[in-house]
Amino acid sequence: MNKFRMNTSYKFNSFFLGCGILMAASEVWKQWYLTFVLNGGFYQWWFFPFQLCSVPMYVLVILPRIRNFRARNALLTFLMCYGLLGGIAVFADTSGLQYPSLCLTVHSYLWHIMLITVGVIAGITCIIESSSHILSWRQFIDGTLIYFLCCLIASLINHLFGAFGSINMFYINPYYRMQQIGFTSLVRYCGNNLAILIYILATVFGASILFCVWMLISHFSCSS
């Protein structure tokens, strides 16, 4: 990596870490508010911070410390595809952004706007750091493996903590009817488990479309 790309990466690292710390601090406040202000001191597992829109918070905190080029590219790809998709998709149905408290609703909107911003910056960073500024499908595969790993972790969380209350991380808990807009109607035709699988595959497909857009941008930036 040449000196320009190293300096650029350093500046973006500061941005990523700052966003990660800000998101983590706001998440701590959200969990406190939900537990002690709205729920009388009882923790609501439904709001445990491990949804698709929550994972970028963890990625942002560790990303600046990753020195392995392939691992860093995988994390950037996750942010610019899956994180960005999560930030954009929620605005198709804003009911999930609404809370009984105005401050929580504002927090939810700002959170997803930040996901979009971070996703865009991650895409720019990935293009700058890639060889000849051209992206490859291997990067998308690596980012998708992170997504699948997150699905596995979400399933384990659903299983381990399901006994303590309602919990549906990544909306893939088979004990809860699929709730995501556009997929709820599939349950009556193919059952809940298959609807969940289709939802996971559709997420990968949506992320791949975003990656194609980023590939076009990388080609245009290289030719210009």
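Located above this text is the structure these notes cover.
Criteria and thresholds
- Residues numbered from 1 in each chain as written.
- Predicted model: local features only at pLDDT ≥ 70, side-chain atom pairs only at ≥ 80, totals over all residues.
- Heavy atoms only, no water.
- Helix = DSSP H or I, 4+ residues; strand = E, 2+ residues; numbered from the N terminus.
- Rg over C-alpha atoms; globule rule 2.2 N^0.38 Å.
- Buried < 20%, exposed > 50% of the residue type's maximum accessible area, 1.4 Å probe, protein only.
- Contact = heavy atoms within 4.5 Å.
- Lys, Arg positive; Asp, Glu negative; His and termini not counted.
- Charge placed at Lys NZ, Arg CZ, Asp CG, Glu CD.
- Salt bridge = Lys/Arg side-chain N within 4 Å of Asp/Glu carboxyl O.
- Phe/Tyr/Trp six-rings, centres within 6.5 Å; stacked < 30°, edge-to-face > 60°.
- Core = buried A, V, L, I, M, F, W, Y, C linked by side-chain atoms within 4.5 Å.
- Patch = residues over 30% accessible without salt bridge, like charges linked within 9 Å, V, L, I, M, F, W, Y side chains within 5 Å.
- Areas by Shrake-Rupley, 256 points an atom, 1.4 Å probe, with all protein chains shown as cover.

## What to know about the overall build of the protein chain
- Regarding its fold elements, the protein chain presents seven helices and zero strands.
- Overall, the protein chain shows an N-to-C arrangement of helices and strands of α-α-α-α-α-α-α.
- For 224 residues, the compact-globule estimate of 2.2 N^0.38 gives 17 Å, and the protein chain sits close to it at 18 Å.
- Projected onto its principal axes, the C-alpha coordinates of the protein chain cover approximately 55 × 40 × 30 Å.
- For the protein chain, buried positions account for 47% of its 224 residues.
- A separation of at least 24 residues holds for 68% of the contacts in the protein chain among residues at least 6 apart in sequence.
- Distance between charge centres in the protein chain, computed from 11 positive and 4 negative side chains, equals 7 Å.

## Observations concerning the pattern of salt bridges
- Considering all chains together, one arrives at two salt bridges under this definition.
- A salt bridge links Arg70 to Asp142; its shortest N-O distance comes to 2.8 Å. Note that Arg70 is positioned in helix α3 (residues 69-89) and Asp142 in helix α5 (residues 137-161), a separation of 72 residues in sequence.
- Given a relative accessible area of 43%, Arg70 falls into the partly exposed group.

## Points about the packing of aromatic side chains
- Considering all chains together, one arrives at 24 aromatic pairs under this definition.
- Where Phe91 meets Tyr109, the ring centres are 6.1 Å apart and the plane angle is 50°; that geometry is what we call tilted. Taken together, the residues Phe91 in the loop between α3 and α4 (102-129) and Tyr109 in helix α4 connect sequence positions 18 residues apart.
- Each residue in the set Phe50, Tyr58, Phe78, Tyr82, Trp137, Phe140, Tyr147, Phe148, Phe170 and Phe211 is aromatic and connected to the rest through ring pairs, giving one cluster.

## Section: the nonpolar core
- Counting residues in each nonpolar core, the largest one holds 57 residues, and the members touching the most others are Tyr82, Tyr147 and Phe170.
- Those residues in contact with Phe170 that lie beyond four places of it in its chain are Phe50, Gln51, Leu52, Val55, Tyr147, Cys150, Cys151, Ala154 and Tyr199.

## Observations regarding a nonpolar patch on the surface
- Where nonpolar side chains cluster on the molecular surface, the patch consists of Trp29, Trp32, Phe36, Val37 and Leu38 and spans about 490 Å² of accessible area.
- Overall, Phe36 belongs to the exposed group, its relative accessible area being 53%.

## A few points about the environment of Gly143
- Relative to the helices and strands, Gly143 is located in helix α5.
- Sequence-wise, Gly143 and Phe161 are 18 residues apart; in three dimensions their C-alpha atoms are separated by 27 Å.
- Filtering out sequence-adjacent residues up to four positions away, Gly143 remains in contact with Ala74, Thr77, Phe78 and Tyr82.

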